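Observations on the model geometry
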Amino acid sequence: MHTYKHQLQRKKIAALSVLICIIFILYLITLPLSPLWLPDETRYAEISREMLVSGDWLLPRIFDFSHFEKPVAGYWLNSISQWIFGHNNVAARAVSALSTVLTACLVFRMSMAIRQDVNQALTATLVYVSTSMVYGTGTYAILDPAFTFWITLSFYLFWKSLNASGKASVSVWWFTGGLACGIAFLTKGFLAFIIPLIVLVPWCLIFRRMKPLLFALPLILAGSLVAALPWSIMVYRLEPDFWRWFVRVEHIQRFMSGNTQHMSPFWFYLPVIFLGMLPWAGALPATLKQTWRQAKAIPAVAWMALSVVAPFIFLSLSGGKVLTYVLPCFPPLAVLTAHMLCTPGQHVKRALQNNSRINIIVGLLGFVLIAGILAPWGVLPLYSVSEIIPLAVAACCFAFWAVAGMVSLKQKRYALLVALCPFAVGLLNNMFIPHAVVYAKQPQPFIENIRNQLQKSEYIVVQNSGLASAVAWEMKRSDIILLGDKEDISRRAFRKTTDDGMIHASHFSQWLEDKRLDSDVSLLLYISDESLIDMYKIPVADTIWRQGKFMLLHYIRQSE
């Protein structure tokens, strides 16, 4: 009997390992499939490209403007990725994918902290990499996956510190955790210090470990300063306004929501966590119930629980909320979910059944949404009559999701195959995204269609900063001219000391008349409002090209 159980355990570990490897391969396959999205992907890709081309690794810039929205570490990594892989969408997204893989390795190690069980650790890894939120951000060119890796690393290192023996060893772990916080700060800002501390301090209070905490704080501070202080001083000397903007606008105003553009209610992250945990959302009630029961008795469970709850509450209190801000909650949540699934008892069967039912419902709702509501004959037609094949592909993806849920409900041994549900949607999304979305959020196909006109133009003027970053990325040009005013530019966290590279809307006609004597001029607009052309009083162009919300007005060179 013992031999049989041992063989069964080995087969399960082998199956989990194969499934995780398949998912990692699916991540890599996904990277090049779709064009970059507005506004984040195009902006982060272009800032990193300009950093690599200019050789200025100190201050992030875009269109030769200083960019004050985020610190520099994320752009360093993206620039290195472009240096290795070249100028392409894979390079723009590679850091997100790599960060997700590395975080998955930490999830494995964190799970082993609760129970020395390889099967449970592999299950935690599988849960993490297959959640919708993690897969979506892990194949998307933003800074959150890298930030989540450094935050998760700090969680792991702090836990190692609390359980290590020997003063020298403990000191090294605390200091290294501080280094991870410092690099996280260089990636995204002061949340890098807040999130780990609101986990560490309450845990030490609950378990009466104040002496280790007091010993740790100076070491954490020292590690953070070693990582973050040199760049912080250098950027202050180069651009004194950086810290005023970064602290006041990007942190205080965003948290207090006075002038933030991301105002949302307190409960905003509840559905985000639920939907983001798909296809494992159905296991959340059982996970929360078991965690509540075990938190006081098992310190590692309490640590993981605080790593989810403390950041969740803090981010919920903030007035400014973005979907991906809550990403650092997912690694410990995956660990707790796997711990529940691998703890013997009837609750596991009920949790897996409920999870299967949730996936069936999600698949069916997605199918109805696509085939009944967004179809040309639907209430909110997003697909046109000529897009029946993309519509069918989208419907099949959600039908697969529902079928996977049905199979896992009927056959317990296939319960973990629901991990593949999001990947059908992710791998095929480039085939079923309607043109109305492509030509509103993915400008690369449009730019490719007008490449000849742009290559003839010495001057390229763009009215929308997101579209401008896409043009700069595609054309490998940093001399894009923005149409707007200084207040409009400042709202985008851009700073430049002169008016070069920017045209006030009221001056465009005269500027155009002068520049057309030298070269062709291309003006690109993002038509969010049909009255935009009249509002800007834009002269009649020689050639007009429009697809969806993207418009090119091309002015041919005129002789004197």
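As a starting point, this report considers the structure included with it. (Residues numbered from 1 in each chain as written. Predicted model: local features only at pLDDT ≥ 70, side-chain atom pairs only at ≥ 80, totals over all residues. Heavy atoms only, no water.)

What follows concerns the pattern of salt bridges. One pass over the structure, following the stated rule, counts 11 salt bridges. Between D40 and R43 there is a salt bridge; the shortest N-O distance is 2.8 Å. Here R43 and D40 lie together in helix α2 (residues 40-54), a separation of three residues that amounts to about one turn. The salt bridge partner of D144 is K188, with a shortest N-O separation of 2.2 Å. With D144 in helix α7 (residues 144-163) and K188 in helix α8 (residues 167-188), this pair connects stretches of sequence that are 44 residues apart. The exposure class of D144 is buried, given its relative accessible area of 7%. On the basis of relative accessibility, which here comes to 13%, the residue K188 falls in the buried class. A single network of salt bridges, built from pairs that share partners, joins D40, R43 and E69. (Salt bridge = Lys/Arg side-chain N within 4 Å of Asp/Glu carboxyl O. Helix = DSSP H or I, 4+ residues; strand = E, 2+ residues; numbered from the N terminus. Buried < 20%, exposed > 50% of the residue type's maximum accessible area, 1.4 Å probe, protein only.)

Moving on: the pairing of strand β9 (residues 550-555). Extensive coverage of β9 is indicated by the burial of six of its six residues. Across six bridges, the pairing between strand β7 (residues 520-526) and β9 is antiparallel. In the strand pairing of β9, Y526 is matched with F550. Of the pairings in the sheet, the one linking strand β8 (residues 543-547) to β9 comprises five bridges and is antiparallel in character. Residue pairing across strands places W545 opposite L552, the latter belonging to β9. Hairpin connection between β8 and β9: a loop of two residues separates the two successive antiparallel strands, and G548 in this loop has a positive phi of roughly 60 degrees. (Pairing = 2+ DSSP bridges.)

A few words now on a negative patch on the surface. Together, E458, E513, D514 and D518 line one region of the surface with negative charge. Among the structural elements, D514 can be located in helix α24 (residues 508-515). Note on D514: relative accessible area 41%, which makes it partly exposed. (Patch = residues over 30% accessible without salt bridge, like charges linked within 9 Å, V, L, I, M, F, W, Y side chains within 5 Å. Areas by Shrake-Rupley, 256 points an atom, 1.4 Å probe, with all protein chains shown as cover. Lys, Arg positive; Asp, Glu negative; His and termini not counted. Charge placed at Lys NZ, Arg CZ, Asp CG, Glu CD.)

Leaving glycine aside, a negative phi is the common case for residues, and trans is the common case for peptide bonds. Here L38 and P39 are connected by a cis peptide whose omega angle stands at -10 degrees. As for its placement among the helices and strands, P39 is situated in the loop between α1 (2-30) and α2. Of note, the amide linkage connecting L278 to P279 takes the cis form, showing an omega dihedral of 10 degrees. Here P279 is to be found in the loop between α12 (269-276) and α13 (284-294). Its identity is not glycine, yet R208 carries a phi of approximately 55 degrees, on the positive side. One can find R208 in the loop between α9 (191-206) and α10 (210-238). Unlike most non-glycine residues, K476 shows phi in positive territory, near 55 degrees. Residue placement: K476 occurs in the loop between α22 (465-475) and β4 (481-483).

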